[in-house]
Amino acid sequence: MALTIFSLIATAYAYRDDIIALYGYKAALSYYGSTGQEVKDIQYKLRKWKYYDGAIDGIYGYKTYKAVRLFQYKNGLKVDGIAGPETLSALGLPSGKSKSTSASTTNSNLNLLARLVHGEARGEPYIGQVAVAAVVLNRTRDSRFPSTIAGVIYQPGAFDAVADGQINLEPNTQCIKAAQDALNGWDPSGGAIYYYNPATATSKWIWSRPIIKKIGKHNFAK
């Protein structure tokens, strides 16, 4: 085992320039053998979400590597054990992408948000679909949740559509438009950070949240 770990560290160090070139920048990229604050942030998030049970020591060792791979596998990301931009974004951490990538990031956010709406609310009225998208955006502005759209959507246990795989379905035109309206600032949820279907909800805790609005089959709550 010790020899295998040493080999992984040596390989990561030897090919660090190739890894950086693959992702296009040095910042916001951690992999086996990395050290520093970004690694601590990764470990903190992974331990908070029960993927990692090791020390938050800023050393990207074997346990961190395994935890990153598990997180990637569970959240539909490329499973390579490297905390690159997509993985960091899903963790709700700064991805280090430059301004030149802002257009592609915007398109990626729109597509992901539309897929969430499609998986969670495609049978709901249009205003209810926009409200579901708005809940995701409201969470990104709440310190109790990840600060990115991907981080919120892929937070373990947050959305049924992620758990049952419906997040991977292609969204229809209406869901894309609903996501775009939410991104443009429309929030018919009234600032809600939760929603649920009272006919199917099994969590006792969700029933304790103050209801702001009822739209379609969903209750929207604080």
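The structure reproduced in this document is the subject of the present report.

What counts, and where the lines are drawn
- Residues numbered from 1 in each chain as written.
- Predicted model: local features only at pLDDT ≥ 70, side-chain atom pairs only at ≥ 80, totals over all residues.
- Heavy atoms only, no water.
- Helix = DSSP H or I, 4+ residues; strand = E, 2+ residues; numbered from the N terminus.
- Contact = heavy atoms within 4.5 Å.
- Areas by Shrake-Rupley, 256 points an atom, 1.4 Å probe, with all protein chains shown as cover.
- 1 Å grid on protein atoms, 1.4 Å probe; cavity = no way out; pocket = protein on both sides within 12 Å on 5 of 7 lines; lining within 4 Å.
- Points joined across faces, edges and corners; volume = space filled by probe spheres on them.
- Nonpolar A, V, L, I, M, F, W, Y, C, P; charged D, E, K, R; others polar.
- Pairing = 2+ DSSP bridges.
- Axes fitted to C-alpha atoms, helices over the stretch in contact; angles between N-to-C directions.
- Expected span 1.5 Å × (residues − 1).
- Buried < 20%, exposed > 50% of the residue type's maximum accessible area, 1.4 Å probe, protein only.
- Parallel < 35°, antiparallel > 145°, perpendicular 65-115°, else oblique.
- Left-handed = near helix turned anticlockwise from the far one by under 90°.

This part is about the overall build of the chain. Counting its secondary structure elements, the chain contains 10 helices and three strands. For the chain, the α and β elements follow one another from N to C terminus as α-α-α-α-α-α-α-α-α-α-β-β-β. Taking the intrachain contacts of the chain between residues at least 6 apart in sequence as the baseline, contacts between residues at least 24 apart amount to 56%. Accessible area of the chain: about 11,700 Å², with a carbon and sulfur share of 55%.

Right, let's talk about the environment of Y194 for a bit. With respect to the helices, strands and loops of the structure, Y194 is situated in strand β1 (residues 194-196). What Y194 contacts, discounting residues up to four positions off in sequence, is V135, R139, F145, W205, I206, R209, N219, F220, A221 and K222.

Our focus in this paragraph is the layout of surface pockets. To find the voids left in a structure, one rolls a probe of water-molecule size over its atoms. A volume near 790 Å³ is recorded for the largest pocket. What lines the largest pocket is a set of 28 residues, and nearest its centre among them are E120, A158, D160, Y195 and Y196. Where the lining of the largest pocket is concerned, the elements lending two or more residues are α6 (102-121), α9 (160-163) and β1. Each residue belonging to the lining of the largest pocket can be placed in one class, and the counts come to 12 nonpolar, 10 polar and six charged.

So, on to the sheet that holds strand β3 (residues 218-221). The strands making up a sheet associate through backbone hydrogen bonding, with each pair oriented either parallel or antiparallel. With respect to topology, three strands assemble into an open sheet ordered β1-β3-β2, the strand pairing being antiparallel. Each edge of the open sheet is held by one strand with a lone partner, namely β1 and β2 (211-215). Taking each pair of neighbouring strands and ignoring which way they run, the sheet shows an average axis angle of 20°. Pairing analysis gives three bridges linking β1 to β3, with the strands arranged antiparallel. Residue Y196 lies in a different strand from β3, and its bridge partner there is N219. Packing of helix α7 (residues 126-140) onto the sheet brings it into contact with β1, β2 and β3, and relative to β3 it is tilted by some 30°.

Our focus in this paragraph is α7. In this model α7 runs 22 Å from its N-terminal to its C-terminal C-alpha over 15 residues, within 8% of the 21 Å that 1.5 Å per residue would give. By the criterion of burial, α7 is predominantly enclosed, with 13 of the 15 residues buried.

Interaxial distance between helix α3 (residues 37-48) and helix α4 (residues 62-74) falls to 11 Å at its minimum, and their mutual angle equals 60°. The angle between the axes of α3 and α4 places the two elements in the oblique class. In the packing of α3 onto α4, the handedness of the crossing is left-handed. Residues I42, Q43 and L46 of α3 touch α4, and the partners they reach there are T64, A67, V68 and F71. Of the residues contributing to the contact of α3 with α4, the split by class is five nonpolar, two polar and no charged.

In this structure, K50 takes a positive phi of about 70° despite not being glycine. With respect to the helices and strands, K50 occurs in the loop between α3 and α4. A relative accessible area of 75% places K50 in the exposed class.

Before going further, it helps to spend a moment on the pairing of β2. Bridge count for β2 against β3 is four bridges, and the pairing is antiparallel. Across the sheet, residue K214 finds its bridge partner in β3, namely N219. In sequence, β2 turns back onto β3 through a hairpin of two residues, with G216 there showing a positive phi of about 60°.

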